[in-house]
Structures are given as structure tokens and as C-alpha cells.
Amino acid sequence: MPFADTSISPATPARFAATRLTALGRPLLAEAMGTFVLVFVGCGAVMVDARTGALDALGVAVAFGLAIAVMVAALGHVSGAHFNPVVTVALWACRVLPLHLVAPYVIAQLAGAVTAALTLRASLGSVGGVGATVPSTSAGQAFLWECVLTAVLVSVILAVATDRRASDQPAALVIGGTITLAAIVGGPVSGASMNPARTLAPAIAGGPATALWVYLTAPFLGAAIAVALHAVLRSPDIDTEPVAS
């Protein structure tokens, strides 16, 4: 499934520019919306649990997984449903996403994430650190966990997004389930962010920025590992095809 149709042949250069901008605007809006929902629901669950104790760690993990599953199902056909700068870079590395879309996608994701975090801060205050991701262990241990968890997540996404043999799998359930499992196991250790936008947004909104460097670097290393593994595991006779992730 293509990410955006920019091949329309308009009658005039002005119309071409307007058409191209409109075609690009749809996936960017979808990326901003999806990342907004991820942060609002996931970080919101952290904050609600901190205030009421009604969710516990399992409820928070399920909230993150369901947020992604719902948004992938709803918006995957529009933008590919990345909602994560690491996923965008990984899909570019696998030649699924054109280079000129990488920066706009990341900016849209950051905009959606920060807007969600600011909305949470305005509505609930700083309770629960605005849902910030902080390690419960050393920064080194958190780095390792974020790297491994992101490698697993991106490996799953690359499988269902680029390989026709796996593209028939229900991407929304598979990816949402992966995030839920990662959050259940890794949440108590590193917070299981696997997403720089998800971690950076609460910090910008006033939450703690403890070991922020871990969450801005480890996921990219994990994604690089996943891309390398995907290159080995992927059958050489299967052409990469951009489909919804």
C-alpha cells in the first residue's frame, strides 16, 4: 500500500504544487493524529493510574498496545501508521519510505506527541510525571532493554510491512500485541518506550527527563539491528513493497 500518491499529473505547475501538498498533508496529518492518540492514551493511562490506582502496570501496557492497534487499523492505509521516528527511519533504510518523507513524518509525529503531552498536562497537571518514561534501574540497563525491545518491535513491523509472505497477517493486532508484550515485560525495567517521540513529549511538557539520552539513542540502535536482521531473514526473491505498518 503506497504511503502517498504524488504521481498525479496536473494541468499547471501551481495546481501540481497544490495537489502534491494536499497528497502529502494527508499522511502527515494521519501521523500526527496517530502519535497524539498513542501519547494521550498511553501516557494518560500512566497519569490516571498514578492518581487513582485503577489501572496498574498491566492496564497501562494494554492501553499502549490498544492505542497502537486501533490507530494502525484506522490510519494505516493513509500514512503507513508509523507513529514513531524509529519506525520511519527503519522503513526508509529498507527502501519502503522515500527519503524526502522522513523529516516531514518525524516532525508530524513530534507535533502530535507534544500536543498530546501538553493536553495531558493542562488537564491533569504533573501527576505521574506527565507519563514520562524513566528507568527504574541503571541507565546502562535501561539502554540495553530499550535496544532489545525496539529491535523486536521493528523486526515485527518490517515483517508485516515489507514482506508479502507476512503482509496478510493482521498488522494492527500483531503490532499492538508486540507493544503490549514489550510493555508488560520491559515496562518495570526501562518503561518500554521504544519511541523517542513518546518519551520526548512528556519531558517537554514538564515531566522528568531522567536519562533522556537513553530513549533518544537506544531505539535507533535497536532499529538498526532489526534492519540488519531483516536483510538476512528476508527472502531475496521477495520485492520490498510499501504496505501499511
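In this text, all values refer to a predicted model and were calculated from it rather than measured experimentally. (Residues numbered from 1 in each chain as written. Predicted model: local features only at pLDDT ≥ 70, side-chain atom pairs only at ≥ 80, totals over all residues. Heavy atoms only, no water.)

**What to know about the overall build of the chain**
The condition is simple: Helix and strand definitions here come from DSSP, where helices need a minimum of 4 consecutive H or I residues and strands a minimum of 2 consecutive E residues; each element is numbered from the N-terminal end. Residue exposure (1.4 Å probe, protein chains only): buried if accessible area is under 20% of the type maximum, exposed if over 50%, otherwise partly exposed. Any two residues whose heavy atoms approach within 4.5 Å are treated as being in contact. Note that accessible areas follow from Shrake-Rupley with a 1.4 Å probe, and for residues the cover is restricted to the protein chains shown.
Each helix and strand in the chain was counted, giving eight helices and zero strands. Overall, the chain shows an N-to-C arrangement of helices and strands of α-α-α-α-α-α-α-α. Looking at the 245 residues of the chain, the share that counts as buried comes to 48%. The contacts in the chain between residues at least 6 apart in sequence include a share of 79% that link residues at least 24 apart. For the chain, the computed accessible surface area is about 10,700 Å², with 70% contributed by carbon and sulfur atoms.

**Re the packing of aromatic side chains**
Inclusion rule: Here a pair means two rings of Phe, Tyr or Trp (six-membered ring of Trp) with centres within 6.5 Å. Their orientation is stacked below 30 degrees between planes, edge-to-face above 60, and tilted elsewhere.
Across all of its chains, the model carries two aromatic pairs by this definition. An angle of 10° between the planes, with centres 5.6 Å apart, marks the rings of Phe-36 and Phe-40 as stacked. One end of the pair is Phe-36 and the other is Phe-40, both in helix H1 (residues 13–52) and four residues apart, which spans about a single turn.

**Observations regarding the nonpolar core**
Put simply, the rule reads: Among buried residues, the Ala, Val, Leu, Ile, Met, Phe, Trp, Tyr and Cys ones that are joined through side-chain atoms within 4.5 Å form a nonpolar core.
In terms of nonpolar packing, the biggest core is built from 53 residues, with Ile-68, Val-72, Phe-83, Leu-91, Val-154 and Ile-175 touching the most fellow members. Every element with two or more residues in this core is listed here: H1, helix H2 (56–79), helix H3 (85–93), helix H4 (102–124), helix H5 (139–162), helix H6 (171–186), helix H7 (196–204) and helix H8 (212–233). Counting residues per element, this core draws most heavily on H4, which supplies eight residues. In this structure, Ala-142, Cys-147, Ala-211 and Val-214 belong to the second largest nonpolar core, which totals six residues.

**Section: the packing of H5 against H6**
The following threshold applies: Every axis corresponds to a line fitted to the C-alpha atoms, with the helix fit spanning only the stretch in contact, and the corresponding angles, defined between N-to-C directions, vary from 0 to 180 degrees. For classification purposes, angles smaller than 35 degrees are called roughly parallel, those larger than 145 roughly antiparallel, those between 65 and 115 roughly perpendicular, and all remaining angles oblique. Following the grouping adopted for this structure description, the nonpolar residues are Ala, Val, Leu, Ile, Met, Phe, Trp, Tyr, Cys and Pro, the charged ones are Asp, Glu, Lys and Arg, and the polar ones are all others, Gly among them.
Taken N-terminus to C-terminus, the directions of H5 and H6 make an angle of 170°; their axes are 10 Å apart at the nearest point. With respect to their mutual orientation, H5 and H6 come out roughly antiparallel. Of the residues in H6, those in contact with Trp-145, Leu-149, Val-152, Leu-153, Val-156, Ile-157 and Val-160 of H5 are Ala-171, Val-174, Ile-175, Thr-178, Ile-179, Ala-182, Val-185 and Gly-186. Split by residue class, the contact of H5 with H6 holds 13 nonpolar, two polar and no charged.

**Let's talk about the layout of surface pockets**
Here is the rule: The pocket and cavity definitions rest on a 1 Å grid over protein atoms only: a 1.4 Å probe that fits but cannot leave marks a cavity, an open set with protein on both sides within 12 Å along at least five of seven lines marks a pocket, and residues lining either have an atom within 4 Å of a point. Grid points are joined across faces, edges and corners, and a volume is the space filled by probe spheres set on the points.
Considering only enclosed or pocket space, the largest pocket measures out at about 570 Å³ in volume. Lining the largest pocket we find 35 residues, and of these Phe-64, Ala-183, Gly-191, Ala-192 and Arg-198 sit closest to its centre. Looking at the lining of the largest pocket, the elements that each hand over two or more residues are H1, H2, H5 and H6. By residue number, the principal contributor to the lining of the largest pocket is H2, which donates eight residues. Within the lining of the largest pocket, the residues separate by chemical class into 23 nonpolar, nine polar and three charged.

**As for H2**
Our working definition: Expected span of a helix, by definition, is 1.5 Å for each gap between consecutive residues, and there is one gap fewer than residues. By definition, a residue's bend is the angle between the axes fitted to the seven residues ending there and the seven starting there. For this analysis, a polar contact is any N or O atom pair within 3.5 Å, provided that within protein one partner can donate a hydrogen and the other can accept it, and provided that sequence-adjacent residues contribute only side-chain to side-chain pairs.
The first and last C-alpha atoms of H2 sit 32 Å apart over 24 residues, in line with the 34 Å expected at 1.5 Å per residue. Its axis deflected by about 45° at Ala-73, H2 carries its strongest bend there. Regarding H2, its N-cap is Asp-56, as a side-chain oxygen of that residue lies 2.9 Å from the backbone nitrogen of Leu-58 further along.

**Some details on the packing of H7 against H8**
The line we're drawing: Each crossing is labelled by how the near helix is turned from the far one, with a counterclockwise turn of less than a right angle marking it left-handed and a clockwise turn marking it right-handed.
The contact between H7 and H8 brings their axes to 9 Å, and the two run at 165°. On the basis of the axis angle, H7 is roughly antiparallel to H8. Relative to H8, H7 is oriented so that their crossing is left-handed. Residues Pro-196, Thr-199, Leu-200 and Ala-203 of H7 touch H8, and the partners they reach there are Leu-212, Tyr-215, Leu-216, Pro-219 and Phe-220. Its residues placed into classes, the contact of H7 with H8 shows eight nonpolar, one polar and no charged.

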